[in-house]
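Listed below, chain by chain, are the residues.
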2 protein chains.
Amino acid sequence: MLQEIAEQPEALVRTIEAERTKISRLGKFLKDRDIDLIVLVARGSSDNAALFGRYLLEIKTGIPVSLSAPSVHTLYKAKLKLRHALVIGVSQSGEGEDVNLVLEKARNCGAYTVGITNEPAASMTHIVDETLVMHGGRERSVAATKTFTGQMMLFYMLAAELGGGSPDLTYQAIPDFAAKAYEQKAALLELVQRYVFMENCVVVGRGLAYANAYELALKLMETCYVVAERFSSADFLHGPLAMVERHFPVILFAPPGVMLPGVRDLIGRLKELHADTLVITGDLEAAAACSRAIIMPREIDEFLAPIPYMIPGQLFAALLAEAKGLDPDAPRSLSKVTRTL
Amino acid sequence: MLQEIAEQPEALVRTIEAERTKISRLGKFLKDRDIDLIVLVARGSSDNAALFGRYLLEIKTGIPVSLSAPSVHTLYKAKLKLRHALVIGVSQSGEGEDVNLVLEKARNCGAYTVGITNEPAASMTHIVDETLVMHGGRERSVAATKTFTGQMMLFYMLAAELGGGSPDLTYQAIPDFAAKAYEQKAALLELVQRYVFMENCVVVGRGLAYANAYELALKLMETCYVVAERFSSADFLHGPLAMVERHFPVILFAPPGVMLPGVRDLIGRLKELHADTLVITGDLEAAAACSRAIIMPREIDEFLAPIPYMIPGQLFAALLAEAKGLDPDAPRSLSKVTRTL
């Protein structure tokens, strides 16, 4: 897992280089089809990448996005009106039976289908109209890292094309930012010692960083066996806040941008409740108000933050697992490809 | 909270009687508009009701449903393609600023908008094209119960109209089933003693019962301060299962129907891991395989189960809070109307 975390800057460069031409062509083709709905279908970490894609695509293209509920198709056998829809399946292995079945059914309903996978020969590629590949190299760790950020990168590239250029989506800068974020490793090696006895926590993010909260929580659950809840900073205030008592651990993603004022307010609220807060942020005010902070380079803006901000999260989970005496590469009860319908 | 839980069968009858004519008219009107997307927007318990609505509406109408990400509209200021969309806001108070703002923006984008609320004079009613009211009577408890099931009932009525009759959606039977479910109260009063020292747990449901898992987890977080995670039985296998060790508490909704085989498989898996399982089910095999069971009447089918299966969940949370010496009506750190953008 640690090795695959380190590989990400290079893998991201490969993804951009290898898929740029295809995505540019796909973007032009899709613009002519007048897509009025995008449906994303995935499980596990890939579903967290889809959650990121959901925000980015809606914001940048104005096309409504729905995260698919696979059972509607696989078990309730519904036939949806999808004639003007683009349906994108996301699966590291490309072998997720439920994801593939939804893609097949969506195609039968008239949707244009795209598969996002790390395995260019996977079953998924024979079902969909077009395949986008992460080029992450084989992922050996059960806990996905490089394929997760690779999936996010493909969503950047697709959003930039479908959104008509989107000059602020300079995703080419992301691999370098990811490399800089990785430099936190030594500091994190020390930091995780403080969390060795943490049994549960809440991870908070919102908007474009919402998926980061989901993904870090999932990494903490699968590699550290921590009961990690995930919320948007808004949803957290609608009920779950009641759980927070003195020393309750809350991890927050606080990149710059439109979400920052809300996250700062939440940090203030958590301070009154004497919660224990760890923030991943480029904002020194947010950092100063928290129990601990992982400081990110200030030049990373909100649209480019999700991938570089994920790296210290991944390192935190992998290093904490080791500090707890666990093997992050072999989580109990799990295997790499999970079969569900 | 306990009083409002008890009021539900009557409140549900009122909802059906008061809104039937209006929803029938609305259904006919919407059929002529050729809706090709339904967007649901809500927070907290109302968002859990929307999650139920999402499954029911997709399955019964074939129209794709998206759960709105409010920040896309309120903070990122995106303008979505919503000309053929039906956008439904759900808010107990009808005063949720973010929900109302999304409704306003959706209407400006050409969507037909509907508000679901318990307060017929709320701000929301002045924004939307049509209002549906729960008629639950004023809800005093911070933890929503009767307004949650009232919202679910309005989704039944809407799905039956938009789905062209749907003869299996005999929602008129639900209030009686809810009354029967309430008869579990005495048994639950004893059962909760076993969970007084539970600090965290996972709640599992899937498909039409997925929202039940979200809502029970939220009730446990806000009234019992239990760190309660929520998953579909499929998502739970994609990573979070690693958290489960001997005596780890897992609460499962297992109504009859297409989801039952998968839930039974999961129960088997949890048994091997020596988890502590509590199941709410009408299926005696599932009940026998769990540490504890709340047995539901067998005549409740999968489409009618979500409301009656919620009642013992609500009772469990309210009674457990009392058993823990907490006041379920006054959760710390919360107020009835939460303002977020």
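Residues numbered from 1 in each chain as written. Chains lettered and ligands numbered in written order. Predicted model: local features only at pLDDT ≥ 70, side-chain atom pairs only at ≥ 80, totals over all residues. Heavy atoms only, no water.

## Thoughts on the overall build of chain A
Part 1 of the argument: Within chain A one finds 14 helices and 10 strands.
Part 2 of the argument: For 341 residues, the compact-globule estimate of 2.2 N^0.38 gives 20 Å, and chain A sits close to it at 19 Å.
Part 3 of the argument: Sequence-distant contacts in chain A: of pairs separated by 6 or more residues, those separated by 24 or more amount to 75%. (Helix = DSSP H or I, 4+ residues; strand = E, 2+ residues; numbered from the N terminus. Rg over C-alpha atoms; globule rule 2.2 N^0.38 Å. Contact = heavy atoms within 4.5 Å.)

## Structural notes on the packing of helix α2 (residues 8-33) of chain A against helix α7 (residues 146-162) of chain A
For any two helices packed against each other, one specifies the inter-axial angle together with the distance between the axes.
Residues and elements named next belong to chain A.
Part 1 of the argument: Put simply, α2 and α7 touch, their axes get as near as 8 Å, and they point 35° apart. Crossing geometry of α2 relative to α7 is assigned as right-handed. Residues Q8, L12, T15, I16, E19, R20, I23, S24, L26, G27, L30 and K31 of α2 touch α7, and the partners they reach there are K146, T149, G150, M153, L154, M157, L158, E161 and L162.
Part 2 of the argument: When the residues that make up the contact of α2 with α7 are grouped by side-chain class, the tally is 10 nonpolar, six polar and five charged. (Axes fitted to C-alpha atoms, helices over the stretch in contact; angles between N-to-C directions. Left-handed = near helix turned anticlockwise from the far one by under 90°. Nonpolar A, V, L, I, M, F, W, Y, C, P; charged D, E, K, R; others polar.)

## Notes on helix α12 (residues 260-272) of chain A
All names here are of chain A.
Part 1 of the argument: With 13 residues, α12 extends 19 Å between its outermost C-alpha atoms, agreeing within 8% with the 18 Å of an ideal straight helix rising 1.5 Å per residue.
Part 2 of the argument: Those residues of α12 not exposed but buried are L260, V263, L266, I267 and L270. Down the axis, α12 shows its buried residues gathered within 120° of arc, on one side only. Those residues of α12 that are exposed and angled more than 90 degrees off the buried face are D265 and E272.
Part 3 of the argument: Buried residues belonging to α12 abut β6 (200-204), α11 (233-237), β8 (249-254), β9 (276-281) and α13 (284-288). (Expected span 1.5 Å × (residues − 1). Buried < 20%, exposed > 50% of the residue type's maximum accessible area, 1.4 Å probe, protein only. Arc of directions from axis to C-beta.)

## Description of the sheet that holds strand β3 (residues 85-91) of chain A
Residues and elements named next belong to chain A.
Part 1 of the argument: Taken in spatial order, the five strands of this open sheet run β2-β1-β3-β4-β5, and their pairing is parallel. The open sheet has two edge strands with one neighbour each: β2 (65-67) and β5 (130-133). Taken over all neighbouring pairs, the strand axes of this sheet differ in orientation by 20° on average, direction set aside.
Part 2 of the argument: Pairing analysis gives six bridges linking strand β1 (residues 37-42) to β3, with the strands arranged parallel. In the strand pairing of β3, L40 is matched with I88.
Part 3 of the argument: Lying over the sheet, α7 contacts β1, β3, β4 (112-117) and β5, oriented at roughly 160° with respect to β3. (Pairing = 2+ DSSP bridges.)

## Topic: the nonpolar core
Nonpolar side chains tend to gather and get buried jointly when the protein is soluble and globular.
Part 1 of the argument: In this structure, A:L220 and B:L220 are the most contacted members of the largest nonpolar core, which totals 275 residues.
Part 2 of the argument: Excluding its chain neighbours within four sequence positions, the residues that come into contact with B:L220 are B:C201, B:V203, B:Y225, B:V226, B:A228, B:I251, B:F316, B:A317 and B:L320. (Core = buried A, V, L, I, M, F, W, Y, C linked by side-chain atoms within 4.5 Å.)

## A closer look at the interface of chain B and chain A
Part 1 of the argument: Listed per partner, the contact involves 69 residues of chain B and 69 residues of chain A.
Part 2 of the argument: Across the interface of chain B and chain A, roughly 5,700 Å² is buried in total on both sides, 56% from carbon and sulfur atoms.
Part 3 of the argument: In terms of surface lost to chain A, no three residues of chain B exceed B:Y76, B:K81 and B:H238, which account for 13% of the buried area on that side.
Part 4 of the argument: Our count for the contact surface shared by chain B and chain A stands at eight salt bridges.
Part 5 of the argument: Between B:E229 and A:R230 there is a salt bridge; the shortest N-O distance is 3.2 Å.
Part 6 of the argument: Inspection of the region where chain B meets chain A yields 25 residue pairs in polar contact (both at pLDDT 80 or more).
Part 7 of the argument: Those elements giving two or more residues to the side of chain B that touches chain A turn out to be α3 (44-61), β2 (65-67), α4 (70-74), α10 (210-224), β7 (227-231) and α11 (233-237) of chain B.
Part 8 of the argument: Residues belonging to the side of chain B that touches chain A are distributed by class as follows: 39 nonpolar, 14 polar and 16 charged. (Buried area = accessible area lost by both parts, 1.4 Å probe. Salt bridge = Lys/Arg side-chain N within 4 Å of Asp/Glu carboxyl O. Polar contact = N/O pair within 3.5 Å; in protein donor to acceptor, adjacent residues only side chain to side chain.)

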